[in-house]
Amino acid sequence: MKQRIIITIVLALCQFSFAQKTGSLNVATFNIRYANPNDGINIWENRKDWACQSMDFFDVDVFGAQEVIESQLADMVQRLPGYDHVGIGRNGGTEGEFCPVFFKKDVLGLLDEGTFWLSETPEEANSKGWDAALPRIVTWVKLKVKSSGKEFYFFNTHFDHRGRKAQLESAKLLKERIKTIAGDLPFVVTGDFNFSPSFEAYSILTDKGKPSGIDIHDTKGIAVREYGPSYTFNGFAPEPDQARERIDYIFCSNEVSVHKHHTLDGQRGKNFVSDHFPIIVCLSF
């Protein structure tokens, strides 16, 4: 019995030592589905506790959310007291859907922040680009890991769901802006991109060095361990559609090591955490 206790303590210390050594962070992307009153049993009122508890339980240090309207943002802030957040509405101020970045106050410190629009006039609030159906934004933050002093950039976005030209041009613009904003520091990109890996916009984002001279990696492709469904959008459909392709991603720079990639299948019968499954990645710099 005494030997078993000693072994347990040693294993726990080893795990703690590994975590301290690697300085790993848990990062997530989560399209929470806007508060649509016509969603039946999956209305936001029935999902908001589940959605927030998921981020807290899985010990997510920083995550990008999409489709967040102002009332939902207030619900999330109330249920995630250990987190701070950054972000504005895509129509400017508090109007329209947010792409907020939430981060743990005791783990990460905010150094800088900003928003730009995915359009021909990125600094113009509420600007709609190319053939997009709606204005689309990118929320970014510069964060510092308090325990190690390491700094990195975090970008969160939601690409247009209809405009194929808008998706292509948004991918180019995002890549160029990452290079300009992040410089030589590591970065992470989260979002609902509304395209699958077979689309040209995905190739533009992940094409090494082009067009902006930086490399962007799909964390699913470089993770040491990977678990969960092959798709991310479920559409509140009770029967899984294995033919679906991913449209939600976490991307990263060369300096990032990805230990685990987990697509969280948040489904309980006909109840869902959202019409998109969150993705949680364990990574280190």
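- The name given to the chain in an unreviewed UniProt entry is Metal-dependent hydrolase, endonuclease/exonuclease/phosphatase family, with Flagellimonas taeanensis as the source organism.

Points about the nonpolar core
Okay, step 1: In terms of nonpolar packing, the biggest core is built from 25 residues, with Phe155, Leu174, Ile178, Phe187 and Phe193 touching the most fellow members.
Okay, step 2: When residues of this core are traced back to their parent elements, those giving at least two are strand E6 (137-145), strand E7 (151-158), helix H4 (164-182), strand E8 (187-192), helix H5 (200-206) and strand E11 (248-252).
Okay, step 3: A per-element tally of this core places H4 first, with six residues.

A closer look at the sheet that holds strand E12 (residues 257-263)
Okay, step 1: The seven strands are arranged E3-E4-E2-E1-E15-E12-E10 in an open sheet whose pairing can be described as mixed. Every interior strand has two partners, whereas the edge strands, strand E3 (83-86) and strand E10 (225-227), have only one. Each strand axis lies, on average, 15° off the axis of its neighbour in the sheet, ignoring direction.
Okay, step 2: Strand direction decides the pairing type here: E12 and strand E15 (residues 279-284), joined by six bridges, are antiparallel. Looking across to E15, one finds that Lys260 is bridged to Cys282.
Okay, step 3: The strands touched by helix H2 (residues 44-57) within the sheet are strand E1 (25-31), strand E2 (62-66) and E3, with E1 carrying the most contacts at an inclination of about 165°.
Okay, step 4: Strand contacts of helix H3 (residues 70-79): E2, E3 and strand E4 (101-104), with the helix running at about 5° to E4, the strand carrying the most contacts.

Comments concerning the packing of H2 against H3
Okay, step 1: At their nearest, the axes of H2 and H3 sit 10 Å apart, and the two run at 40° to each other. Considered as vectors, H2 and H3 are oriented oblique to each other. Relative to H3, H2 is oriented so that their crossing is right-handed. In this structure, H2 contributes Trp44, Lys48, Asp49 and Cys52 to the contact, and H3 contributes Gln72, Asp75, Met76 and Arg79.

Here's the deal with the sheet that holds E11
Okay, step 1: One open sheet holds the six strands; their spatial order is E5-E6-E7-E8-E11-E9, and the pairing between them is mixed. The open sheet terminates on both sides in strands that have one partner only, identified here as strand E5 (108-117) and strand E9 (217-218).
Okay, step 2: Sheet analysis places E5 next to E6, joined by nine bridges and oriented antiparallel. Within the sheet, the bridge partner assigned to Asp112 lies in E6 and is Lys142.
Okay, step 3: Strand contacts of H4: E5, E6, E7 and E8, with the helix running at about 155° to E7, the strand carrying the most contacts.

A short note on the UniProt feature "domain: Endonuclease/exonuclease/phosphatase" (unreviewed entry) in the chain
Okay, step 1: The positions UniProt marks with the feature "domain: Endonuclease/exonuclease/phosphatase" (unreviewed entry) are residues 29-276.
Okay, step 2: End C-alpha atoms of residues 29-276 are separated by 10 Å, and the span's content is 22% helix alongside 28% strand.

Looking at H3
A turn of α-helix holds 3.6 residues, and therefore any two residues three or four places apart point the same way.
Okay, step 1: Every buried residue belonging to H3 is among Gln72, Leu73, Asp75 and Met76, and all of these are buried. The buried residues of H3 occupy an angular sector of 160° when projected down its axis, which confines them to one face.
Okay, step 2: Where H3 is buried, its residues meet H2, E2, E3 and E4.

So, the confidence of the model for the chain
Okay, step 1: Per-residue pLDDT for the chain averages 92, and the proportion of residues at 70 or more is 92%.
Okay, step 2: Across residues 1-21, where pLDDT falls below 50, the model places one contact with residues more than four positions away in sequence or in other chains.

Cut-offs used in this document
Residues numbered from 1 in each chain as written. Predicted model: local features only at pLDDT ≥ 70, side-chain atom pairs only at ≥ 80, totals over all residues. Heavy atoms only, no water. Core = buried A, V, L, I, M, F, W, Y, C linked by side-chain atoms within 4.5 Å. Buried < 20%, exposed > 50% of the residue type's maximum accessible area, 1.4 Å probe, protein only. Helix = DSSP H or I, 4+ residues; strand = E, 2+ residues; numbered from the N terminus. Pairing = 2+ DSSP bridges. Axes fitted to C-alpha atoms, helices over the stretch in contact; angles between N-to-C directions. Contact = heavy atoms within 4.5 Å. Parallel < 35°, antiparallel > 145°, perpendicular 65-115°, else oblique. Left-handed = near helix turned anticlockwise from the far one by under 90°. UniProt positions renumbered as here; feature names shortened; annotations may be inferred. Arc of directions from axis to C-beta. pLDDT = per-residue confidence, 0-100.

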